[in-house]
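# Structural overview for review
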Amino acid sequence: MREMSIFFRRSPARRLTWHAPVLEALVVTALCAVLALLVNALRAEGLPLVQETEYQILVPCPETSGEVETLTGLNLTGAPTETLVLDARSRGAYESWHVPGARNVPYDYLEAVASATLRKLASSGAKRVVVYGDGENPDCGEHLAKELAGKGIRNVGFIVGGAPALTGDLPAGVRP
Amino acid sequence: MKRLYAWGGHPYLALPARIYLGLVFLLACYHKLLDPAAFALDIATYQLLPLGLINLLAIVLPWIELAAGLMLLLGLRTRVGALLVATMMAMFTVAVTLAVLRGLDMSCGCFASQGAASDPISWFTVLRDLGWLSLSMYVLVFDRDPLGLDRLFARRKPGEAVTHHREHRT
Amino acid sequence: MNPRQSPSRSLRVAVLCCTLVLAAAPATRAQSAAAVPLCRSLGSDLEAKVQGVFESLHPYDGCDETFAKCLARKPPHPVVLRLAEALCRQVKEGRSRSELERSLTRRAQSVLPLGKPATFSLDESMATGIAGAPITAVVYACARCPFCKVFVPELHRELVEGPLKGTVRLFFRPFPLKDHASSTEGGLAILAAARLGAFWPFLSKLYSDYDAFCPKLLPDWAAGLGLERAVFERYLGDPTLRDALVAAKQEGLRNKVEATPTLFLDGRKYLYDLTVVSVVDVLQELLERQTEHAAP
């Protein structure tokens, strides 16, 4: 209690001295340097004290891409709201045919998916996102799926073959 | 200003600040101690130091961080620990500010440094470092060693105990 | 002969033989490193590491045995010598044994004719080097990529002015990365400059003034190189130019380009060290192979 009361009272303005802490800091630094160099010398893969070759600080710049699941069909098990289906084709292709309930997110090879779109997808409540594209090479569906996965959307898969691969589920005469 | 300086609540604030800074530095030095080569690459990425000094800094700096972190956490020579932390934070703040001013965009994934990729620098990084610098200065000026090894060693010295008793009576 | 003396004499002979063999072994081991000029300049601590590498790794061509045995042959195969030099260079950089092995595998994949070669729609307006050169190199790069900014001009300089002059035709393919701000504008500007016949000067300007880049400055830069500003600006707004940029990116994705710069040598994706020194070394190896196969 006596010790605590010291803190309650206003302490008089204390005069700080700097010589001692600065000297002690230099001593600590020197001791740390000696210890560090000793440990480095004893280490199996210790660093050379002076680097001779330039460090390769740059690496090839990657396109944002994440791990995606490869799907062969549109297996919509579970509640309808659990799986979000995205159509990565152009607006025109989407309007001519699309999987019922699928949302159109046209994939642009040059521009990134808009932040607003990502926010909507993230807040959709879906447990899984399935993307289909045009089935070409490169497949816009595959690349949209990879971009979404790379930007943090979880459980993303894409349908191999895209919309043309889904034609088996369509009535005769209906084209995707 | 003198009243603010003499306010009795400073030790209450300085103690958690000291412990927080100690933990921050202990966590920061852990990976650097395990992998000095990766840390050397992080330093090289900033393109501030000559090649000949990079490895030396990468070898020595984590040990200074470890010592300073332990000193703050254990309350041993806390002013010295705070001074070391403040000096290092001043260096880091200058380095990050220069990198941001030069437009070094480490978030694009084009840099080999893992540290640059996982914690890309920005003005927020500068603000964060200034915050830690301010905390370390606060601890340096206002810490009263209420908890720690210094106070433990001070209690065991009879002369010191008499002094505390005298202070209380006045 | 005294029967008691013969065992001790035999023992002495055996010890002498062992000593001679052990004395010869370091000399033999040292010979393999000595056969390679670059390896001779390594310090004694790295020499031991190099010897260990040479005794455990095999070249992917030129010889079926370990590097140490292949280098001991008189004369060693040129490919083996080249690969050994490359290994010494990497040892000097501080690479571990497992990294060296992986690197050697990647070099083999870049050089040997394995698998189907990539296909390209090459644009002559974005080429450098003489037509009909023995080797065709294609580089996919982004206008706003910091690695490309250093790598592409350096490679261009080596191929146009260096020892490989006249042997390699280099094509540029734009591959704008979405993570790089204004990469599309930069890509369109490169294509516009190519249409106006000033591709390499414009690309050099783009990379040399990398830090000062701004899409609004592009017409000024074009004008500074003697290009017609109005025509350049018209091309920038031309939808067919954007289609061409998309087509180039799609081609890159078809060829499994995942990052920039990505290099292809005679249709094979280059997977080895992406430094100009290593690329030049591999190109020289490819030229030697072509010469060897062409010889009667």
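The shown structure was predicted, so the numbers you read here are calculated from the model rather than taken from an experiment. (Residues numbered from 1 in each chain as written. Chains lettered and ligands numbered in written order. Predicted model: local features only at pLDDT ≥ 70, side-chain atom pairs only at ≥ 80, totals over all residues. Heavy atoms only, no water.)

A tally of helices and strands in chain B yields 9 helices and 0 strands. When the helices and strands of chain B are placed in sequence order, the string is α-α-α-α-α-α-α-α-α. Put simply, chain B has 170 residues, and 48% of those count as buried. Restricting to contacts in chain B with at least 6 residues of sequence separation, those with at least 24 account for 72%. Carbon and sulfur atoms make up 70% of the accessible area of chain B, which totals about 8,600 Å². (Helix = DSSP H or I, 4+ residues; strand = E, 2+ residues; numbered from the N terminus. Buried < 20%, exposed > 50% of the residue type's maximum accessible area, 1.4 Å probe, protein only. Contact = heavy atoms within 4.5 Å. Areas by Shrake-Rupley, 256 points an atom, 1.4 Å probe, with all protein chains shown as cover.)

So, on to empty space enclosed by the protein. All chains considered together, the criterion is met by 2 cavities of 30 Å³ or more. Around the largest cavity, the lining residues are A36(A), N40(A), R43(A), K32(B), L33(B), P36(B), A58(B), I59(B), P62(B) and W63(B). The set of elements that each furnish at least two residues to the lining of the largest cavity consists of α2 (19-42) of chain A together with α2 (10-34) and α4 (51-74) of chain B. With 4 residues, α4(B) is the largest single contributor of residues to the lining of the largest cavity. Taken together, the residues of the lining of the largest cavity break down into 7 nonpolar, 1 polar and 2 charged. Of the pockets and cavities examined, the second largest cavity occupies roughly 30 Å³. (1 Å grid on protein atoms, 1.4 Å probe; cavity = no way out; pocket = protein on both sides within 12 Å on 5 of 7 lines; lining within 4 Å. Points joined across faces, edges and corners; volume = space filled by probe spheres on them. Nonpolar A, V, L, I, M, F, W, Y, C, P; charged D, E, K, R; others polar.)

Right, let's get into helix α12 (residues 239-254) of chain C. Compared with the 22 Å implied by 1.5 Å per residue over 16 residues, the 22 Å span of α12(C) between its first and last C-alpha is a close match. Residues of α12(C) that are buried include every one of L241(C), L245(C), V246(C), A248(C), K249(C), E251(C), G252(C) and L253(C), and no others. Here the buried face of α12(C) lies against α5 (140-150) of chain A together with β2 (135-141), β3 (168-174), α8 (183-195) and α11 (229-236) of chain C. Within two residues after α12(C), K256(C) carries a phi angle of roughly 65°, on the positive side. (Expected span 1.5 Å × (residues − 1).)

Residues and elements named next belong to chain B. With respect to the helices, strands and loops of the structure, L76 is situated in the loop between α4 and α5 (78-101). Taking the relative accessible area as the measure of exposure, L76 reaches 30% and is therefore partly exposed. Here the alpha-carbon distance between L76 and L147, two residues 71 residues apart in the chain, equals 9.6 Å. With sequence-adjacent residues up to four places away left out, L76 is seen in contact with M71, L149, D150 and F153.

This paragraph deals with the sheet that holds strand β2 (residues 69-71) of chain A. Residue and element names in this part refer to chain A. Overall, parallel pairing links the 5 strands, which are arranged β2-β6-β5-β3-β4 in an open sheet. Looking along the sheet, the strands with just one partner apiece sit at the ends: β2 and β4 (103-104). As judged from the 5 bridges shared by strand β3 (residues 83-87) and strand β5 (residues 128-132), these two strands associate in the parallel manner. Counterpart to L86 in the pairing with β5 is V131. Set on the sheet, α5 makes contact with β3, β5 and β6 (156-159); between it and β6 the angle comes to about 175°. (Pairing = 2+ DSSP bridges. Axes fitted to C-alpha atoms, helices over the stretch in contact; angles between N-to-C directions.)

Turning our attention to the nonpolar core. V131(A) and F54(C) are the most contacted members of the largest nonpolar core, which has 165 residues in total. Top element by residues in this core is α4(B). It accounts for 12 residues. (Core = buried A, V, L, I, M, F, W, Y, C linked by side-chain atoms within 4.5 Å.)

The next thing to look at is the confidence of the model for chain C. With 89% of its residues at a pLDDT of at least 70, chain C reaches an overall mean of 88. Taken element by element, chain C is modelled with least confidence in helix α1 (residues 5-34) of chain C, mean pLDDT 60, and with most confidence in strand β5 (residues 262-265) of chain C, mean pLDDT 97. (pLDDT = per-residue confidence, 0-100.)

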